[in-house]
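Descriptive analysis of the structure
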Amino acid sequence: SKSRRIAIETVRSQVEPFLFVTTSGTAAVNLHPALVEADLSGVPLIALTADRPPQLRGIGANQTIDCSATPVWGTPTATDNCDPNVIITYNGETRTNGSCPQNYTLTRSWTATDLCGNTDTKTKSITFQDTQAPTITCPADKTLTCGATAAFDPPTATDNCSTYTINTLGTD
């Protein structure tokens, strides 16, 4: 190939140590004949490739939590073997609804990009589940005298994940 020929000709013309830099994994394969030629000619040759994507870390594992809990998304960081200034891009969040409004999954995505355009994309999903039943509290019992009109105090209810509605089905 053309890059292989250029690498060999470059090595043959050198008497000083030489650095050959590529930004593609396939270009690095084409350097093999040049490395052999450099070795046979006694010319120091350093082959540097920048074909590895950055490594995105810090978002944590997927989780399932109670719907009233606060999610922990983590703080993404990235490292790269050649670029100390990797760019991390937040790609957004999607919601997938479950069997009721309080059961759903949020998925976030991030991409790390180095100066050579190599990327690493990671996603994290947190599933929210309503696992606790609402609590109803009825007012205290009353004792009425004969002939008195009964007046019922309404019950109250609480729920950890949603608002509630109390439906009175009858007063008998």
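Coordinates for the structure precede this section.
Residues numbered from 1 in each chain as written. Predicted model: local features only at pLDDT ≥ 70, side-chain atom pairs only at ≥ 80, totals over all residues. Heavy atoms only, no water.

1. What about the side chain of Asp120?
If you trace the backbone, Asp120 turns up in strand S8 (residues 119-129). At 3.1 Å, the side chain of Asp120 and the side chain of Lys122 are in polar contact. Filtering out sequence-adjacent residues up to four positions away, Asp120 remains in contact with Pro54, Gln55, Leu56, Trp110, Thr111 and Ala112. (Helix = DSSP H or I, 4+ residues; strand = E, 2+ residues; numbered from the N terminus. Polar contact = N/O pair within 3.5 Å; in protein donor to acceptor, adjacent residues only side chain to side chain. Contact = heavy atoms within 4.5 Å.)

2. Looking at a nonpolar patch on the surface
Together, Leu19, Val21, Ile46 and Leu48 make up an exposed nonpolar region whose accessible area comes to about 350 Å². Here Ile46 is to be found in strand S2 (residues 45-49). (Patch = residues over 30% accessible without salt bridge, like charges linked within 9 Å, V, L, I, M, F, W, Y side chains within 5 Å. Areas by Shrake-Rupley, 256 points an atom, 1.4 Å probe, with all protein chains shown as cover. Salt bridge = Lys/Arg side-chain N within 4 Å of Asp/Glu carboxyl O.)

3. Considering the state of the cysteines
Considering all chains together, one arrives at 1 disulfide under this definition. Each sulfur of the disulfide joining Cys67 and Cys161 lies 1.5 Å from the other. Taking the torsion about the S-S bond as the criterion, the Cys67 to Cys161 disulfide, at about 95 degrees, is right-handed. Taken together, the residues span a long stretch of sequence, with Cys67 in the loop between strand S4 (63-66) and strand S5 (77-79) and Cys161 in the segment after strand S10 (156-158) at a distance of 94 residues. Accessibility assignment for this pair places Cys67 and Cys161 in one class, buried. (Disulfide = S-S within 2.5 Å. Buried < 20%, exposed > 50% of the residue type's maximum accessible area, 1.4 Å probe, protein only.)

4. Some details on the nonpolar core
Looking at soluble globular proteins, one finds that nonpolar side chains tend to be buried together. The biggest cluster of nonpolar side chains holds 13 residues, and the ones touching the most others in it are Trp73, Leu106, Trp110, Ile126 and Phe128. Counting residues per element, the ones that place at least two in this core are strand S7 (104-113) and S8. Contacts of Trp73, omitting those with residues within four sequence positions, involve Gly58, Ile59, Glu93, Leu106, Arg108, Trp110, Lys124 and Ile126. (Core = buried A, V, L, I, M, F, W, Y, C linked by side-chain atoms within 4.5 Å.)

5. Topic: the environment of Ala140
Structurally, Ala140 can be placed in the loop between strand S9 (135-137) and S10. Looking at Ala140, the relative accessible area reads 67%, which means it is exposed. As a C-alpha pair, Ala140 and Phe152 span 12 residues in sequence and 9.8 Å in three-dimensional space.

6. What about the pattern of salt bridges?
In this structure the tally under the stated criterion is 3 salt bridges. One salt bridge connects Lys122 with Asp120, and the closest N-O pair in it is separated by 3.1 Å. Note on Asp120: relative accessible area 14%, which makes it buried.

7. Topic: the sheet that holds S4
Spatially, 4 strands are ordered S4-S8-S7-S6 in an open sheet, and the strand pairing comes out mixed. Of all strands in the sheet, those bounded by a partner on one side alone are S4 and strand S6 (87-97). Adjacent strand axes in the sheet meet at a mean angle of 20 degrees, parallel and antiparallel pairs treated alike. Note: S6 against S7, 10 bridges, orientation antiparallel. Looking across to S7, one finds that Ile87 is bridged to Thr113. (Pairing = 2+ DSSP bridges. Axes fitted to C-alpha atoms, helices over the stretch in contact; angles between N-to-C directions.)

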